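# Chain and residue survey
Below, each chain spelled out in residue letters.
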Amino acid sequence: MDKPTDIRQSVANADTPEFAPADLSAWAKAAAKSAPGGDVQALNWITPDGITVKPLYTAADSADLPHANTLPGFEPYLRGPQATMYAVRPWTIRQYAGFSTAEESNAFYRKALAAGGQGVSVAFDLATHRGYDSDHPRVTGDVGKAGVAIDSVEDMKVLFDQIPLDKVSVSMTMNGAVLPVLAGYVVAAEEQGVRQDQLSGTIQNDILKEFMVRNTYIYPPKPSMRIIGDIIEYTSVNMPKFNSISISGYHMQEAGANQALELAFTLADGKEYVKTATAKGMDVDAFAGRLSFFWAIGMNFYLEIAKMRAARLLWCRIMKEFGAKNPKSLMLRTHCQTSGWSLTEQDPYNNVVRTTIEAMAAVFGGTQSLHTNSFDEAIALPTEFSSRIARNTQLIIQEETHIPSVIDPWAGSYMMEKLTQDMADAAWAIIEEVEAMGGMTQAVDSGWAKLKIEAAAAEKQARIDSGKDVIVGVNKYKLAKEDPIDILEIDNVKVRDGQIERLNKIKKERDAAKVQQALEALTAAAESGEGNLLDLAIQAVRLRATVGEVSDALEKVYSRHRADTQKVTGVYAAAYDSAEGWDKLKTEINELAEELGRRPRVMIAKLGQDGHDRGAKVVATAFADLGFDVDMGPLFQTPEECARQAIENDVHAVGVSTLAAGHKTLVPAIIAELKKQGADDIIVFVGGVVPAQDYEFLFEAGVKGVYGPGTPIPASAKHVLEQIRQATAV
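What counts, and where the lines are drawn
Residues numbered from 1 in each chain as written. Predicted model: local features only at pLDDT ≥ 70, side-chain atom pairs only at ≥ 80, totals over all residues. Heavy atoms only, no water. Helix = DSSP H or I, 4+ residues; strand = E, 2+ residues; numbered from the N terminus. Buried < 20%, exposed > 50% of the residue type's maximum accessible area, 1.4 Å probe, protein only. Polar contact = N/O pair within 3.5 Å; in protein donor to acceptor, adjacent residues only side chain to side chain. Contact = heavy atoms within 4.5 Å. Phe/Tyr/Trp six-rings, centres within 6.5 Å; stacked < 30°, edge-to-face > 60°. Expected span 1.5 Å × (residues − 1). Axes fitted to C-alpha atoms, helices over the stretch in contact; angles between N-to-C directions. Parallel < 35°, antiparallel > 145°, perpendicular 65-115°, else oblique. Left-handed = near helix turned anticlockwise from the far one by under 90°. Nonpolar A, V, L, I, M, F, W, Y, C, P; charged D, E, K, R; others polar. Core = buried A, V, L, I, M, F, W, Y, C linked by side-chain atoms within 4.5 Å. Pairing = 2+ DSSP bridges.

## Considering the side chain of glutamine 346
Positionally, glutamine 346 belongs in the loop between strand E10 (334-338) and helix H15 (350-365). When its relative accessible area of 17% is taken as the criterion, glutamine 346 is described as buried. Looking at glutamine 346, its side chain comes within polar contact range of the main-chain oxygen of proline 709, at 2.8 Å.

Printed below as a string of structure tokens:
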């Protein structure tokens, strides 16, 4: 017989064992020969979400799934919101950036657009996020550090100078000071000659997740939800091409949530926002088509793809429950960003590979736009060099690989279809739990949602520190010597001085009486519940009211929200898989406690307006599990407030957690304040995003220990213990 030339013919005519019909039991016997202990079940991967991922899937795993044989562009949109997806139009390449001044950021945006960027994504500094002008005493270390400083429409006009806002879509990550910032964008466009109905882009405007993870809120949950409702109402009428809210899971995953938690809490937030808008009497189809979502894409490649497919499936189900009929209301559209948390300070060029893998997952999952992080963002703001690599990562995927030529290439995969359903089921169970509590506002207000994320973060960190989860270059395959890399340094003092000068000029030249009248109208609307707050904010900003003044006008009625500082316990210890070293360290802590007559006491502090508290909460949890007495300082402390609390609580050490580059200003200030108040025996240590180049500066300022990204918590705890022992030795 002639040798077949077509493999399909070989399979069809098979009479040899390699082409025998599938026999799962036969496979299990064969696999058992190489499986640990002969147990094929040992090959299963149990994800942090509680989903079992098997080493082998067959047609039986996906045969009865309800979403089988669906098509892109049709309900339930699992395979993509558009029928042709990237085959006709690839995703939008975005570059999330903002630093220093509006002039510096504008220059970066224009270069990025010229080099292949397709939209502008603005990162604001923490002072702006929290509704403070740059001259406020609480933000001395934050101005221009982790984003661009924006105090008024004059800054906004500079930010978008020579960027045609009728042609370039703008995404703004803003939630707390959302009213004056969105108003500033609208007025800047007007003065550029662009009408409101020509504007396209997205304002994040997702306040519920701020109370869970990122903490750049200003007002309590209830009035914050009123602001969201007013923005959705105003934009649906006046800015029909603009997305009024980007419901964000990104920051949840960055704070420690696994994929199922991120998916569930984000969709539950979405439900809450739809309820808020419909409660204002709006028809769901009048606004739902402009809702968008924002996902983090981490290193769990399969789970991230499944998460995005499951998200579209579940959102379609949710919107049908609200009675939505317009197809645009039923389809979930999303922006994605590769993980910042997965980036490592150690062996940082590995981050280029990590970001590429994450970008591929976002594309295979069907994102509508994408930002790729730069390899140096574990320690500082990205440089122009690192940003170009990040942007080119997307361009290469778009234009060299032909990946966009196929719509949902994972469709029909036994594994992916089953994993998509498993992810949807896991998330839906959490959503039902939230609904039983009365909805996401209640789940957030009670602190339950935040604690769920913090527990997941502590468990993840314990798995890394014990070596159970491998991070290449951090806990395995480590370099003997790390070479320094160039980082972007911001002169915070210079930026702040420039902002104050511009603020003083604006206030001198404007009509103060008219500004005051506009601000009083805002306060009255907040008090009465009447009127639209975005409309009133736009009127005030046209007159040159500042971000801080608009925020203060509402704060008079709403007050500022203060977060609960409760922490989870026992989670880190339960997940830490290195009992010998752990028990030895606990013994040493107990021995010091006997010597001192009390347990060594540590205060974990966040200074300035940096609300990213994942690291602080995980460290507090782990230190408490080890046997330290641990106090959590409230968010947004000044150095003076922190020193006072440390003295009042009689602590041995203050640990400053920093992620927003304010450490060179704020850490020396806390050391000076402790000395001023007669407590220079309290040691200070620093953990978080601190470039190696800054270590010596901090040591010279009096810091006793610096623990950068990737430092195992038990190692830092042992060093802190030794420092306390030395400081308390008689």
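From this point, the narrative continues.
## As for unusual backbone geometry
Following glutamate 75, the chain continues to proline 76 via a peptide bond in cis, the omega torsion being 5 degrees. With respect to the helices and strands, proline 76 occurs in the loop between helix H3 (59-62) and strand E3 (92-97). A positive phi angle, near 65 degrees, is found at glutamine 162, a position not held by glycine. Relative to the helices and strands, glutamine 162 is located in the loop between helix H6 (153-159) and strand E5 (170-173). With a relative accessible area of 57%, glutamine 162 lands in the exposed category. Phi at tyrosine 477 is positive, roughly 55 degrees, even though this residue is not glycine. Position of tyrosine 477 among the secondary structure elements: in the loop between helix H19 (448-465) and helix H20 (492-509).

## Brief notes about the side chain of asparagine 532
On the secondary structure map, asparagine 532 appears in the loop between helix H21 (512-528) and helix H22 (533-542). The exposure class of asparagine 532 is buried, given its relative accessible area of 12%. Of the polar contacts made by the side chain of asparagine 532, one reaches the backbone nitrogen of aspartate 535; its length is 3.1 Å. Sequence-distant contacts of asparagine 532, defined by excluding residues within four places in its chain, comprise Asp230, Glu233 and Tyr234.

## Observations concerning the packing of aromatic side chains
Here the distance between the centres and the angle between the planes together describe a pair of aromatic rings. Scanning the model with the defined rule gives 23 aromatic pairs in all. With 6.3 Å between their ring centres and 90 degrees between their planes, phenylalanine 301 and phenylalanine 364 make a pair best called edge-to-face. In this pair, phenylalanine 301 is assigned in helix H13 (residues 301-321) and phenylalanine 364 in helix H15, connecting sequence segments 63 residues apart. Residue phenylalanine 301 is classed as partly exposed on the basis of its relative accessible area, which comes to 23%.

## What about H13?
Compared with an ideal rise of 1.5 Å per residue, which puts 21 residues at 30 Å, H13 spans 31 Å between its outermost C-alpha atoms and is within 8% of the ideal. Taking burial as the measure, the 21 residues of H13 include 16 buried ones, the bulk of the element. The first or second residue beyond H13 is glycine 323, which carries a positive phi of 85 degrees.

## Details of the environment of alanine 426
Within the element layout of this structure, alanine 426 appears in helix H17 (residues 414-436). Here the alpha-carbon distance between alanine 426 and isoleucine 51, two residues 375 residues apart in the chain, equals 7.7 Å. If sequence neighbours within four positions are ignored, alanine 426 has contacts with Ile51 and Ala260.

## Examining the packing of helix H8 (residues 207-214) against H19
For the pair H8 and H19, interaxial distance at closest approach is 8 Å and the crossing angle is 50 degrees. Put simply, H8 runs oblique to H19. Here the hand of the crossing between H8 and H19 comes out right-handed. Across from Phe211, Met212 and Val213 in H8, the residues of H19 making contact are Ala449, Lys450 and Ile453. Among the residues forming the contact of H8 with H19, the class breakdown is five nonpolar, no polar and one charged.

## Focus on the nonpolar core
If you look at the biggest cluster of nonpolar residues, it comprises 87 residues, and the most contacted ones within it are Phe265, Leu267, Trp295 and Met440. In contact with methionine 440, not counting residues within four places along its chain, are Leu208, Met212, Phe265, Ala268, Asp269, Glu272, Val434 and Ala449. Counting residues in each nonpolar core, the second largest holds 59 residues, with Leu165, Val170, Val187 and Ala526 among its members.

## Topic: the pairing of E5
Burial along E5 is two-sided: the face carrying Val170 and Met172 and the face carrying Ser171 and Thr173 are both buried. Note: E5 against strand E6 (residues 201-203), three bridges, orientation parallel. The residue bridging methionine 172 from the neighbouring strand is isoleucine 203, located in E6.

## A short note on helix H26 (residues 614-626)
The terminal C-alpha atoms of H26, which comprises 13 residues, lie 18 Å apart, in line with the 18 Å expected from a rise of 1.5 Å per residue. Of all 13 residues in H26, 10 are buried; the element is thus mostly enclosed. Among all positions in H26, only Arg614, Ala616, Lys617, Val618, Ala620, Thr621, Ala622, Phe623, Asp625 and Leu626 are buried. Where H26 ends, the next residue or the one after it, glycine 627, has phi of about 125 degrees, a positive value.

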